[in-house]
Amino acid sequence: MRAVKSKDTTTEMIVRRLIHSLGFRYRLHRKELPGTPDLVFPGRRKVVFVHGCFWHGHDCSRGARKPKSNADYWHAKIARNIERDERNSEALRKAEWDVMTVWECDTKVSAREDLSARLRAFLGSAE
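Residues numbered from 1 in each chain as written. Predicted model: local features only at pLDDT ≥ 70, side-chain atom pairs only at ≥ 80, totals over all residues. Heavy atoms only, no water.

**Q** Help me understand the pattern of salt bridges in this model?
**A** Pairs can form between side chains of opposite charge whenever their charged atoms are close. With the rule as written, the count across this model stands at six salt bridges. The residue Lys46 makes a salt bridge to Asp98 at a minimum N-O spacing of 3.5 Å. Placement of the pair is Lys46 in strand β3 (residues 46-51) and Asp98 in strand β4 (residues 98-103), with a sequence separation of 52 residues. Relative accessible area serves as the criterion here: at 15%, Lys46 is assigned to the buried category. A relative accessible area of 37% means that Asp98 is categorised as partly exposed. The partner of Arg118 in a salt bridge is Asp106, with the nearest N and O atoms 3.3 Å apart. Of this pair, Arg118 sits in helix α3 (residues 112-123) while Asp106 sits in the loop between β4 and α3, placing them 12 residues apart in sequence. (Salt bridge = Lys/Arg side-chain N within 4 Å of Asp/Glu carboxyl O. Helix = DSSP H or I, 4+ residues; strand = E, 2+ residues; numbered from the N terminus. Buried < 20%, exposed > 50% of the residue type's maximum accessible area, 1.4 Å probe, protein only.)

Structure follows, in structure tokens:
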């Protein structure tokens, strides 16, 4: 598990390039915010989390895979991750931040146009 990155993942880099191409600027991994969001837009009070489908228990085909070895450990770990994500999102919303989650499956080439539209709608117009 030491080899699993939490920052600058391929999925995160795709989202960062896409947002930058839309004309938005952001801050990375602000530790003072709950959950250390991947992308922070302080002036807009918006944050974007980029989640891997497997690690955060998404309901897509990749996230629905269940490990066969040490299954109890992995089911518990993923359940804790989901619970932690919900806690962090709720804490951010209570602090009046808007939260968006981008899933790994949203960054497939065939889904990027839709992702771009969702990000533009979430962030509003670039200034």
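Moving on, there is more to tell.
**Q** Looking at this structure, how should I read the sheet that holds β4?
**A** Sheet strands line up and pair through hydrogen bonds in the backbone, either parallel or antiparallel. Sheet architecture is open: four strands sit in the order β1-β2-β3-β4, paired in mixed fashion. Of all strands in the sheet, those bounded by a partner on one side alone are β1 (27-28) and β4. Two elements, β3 and β4, share six bridges in a ladder whose sense is parallel. Residue pairing for β4: Val48 is matched across the bridge by Met100. (Pairing = 2+ DSSP bridges.)

Without other data, these values stay purely geometric and don't point to any function.
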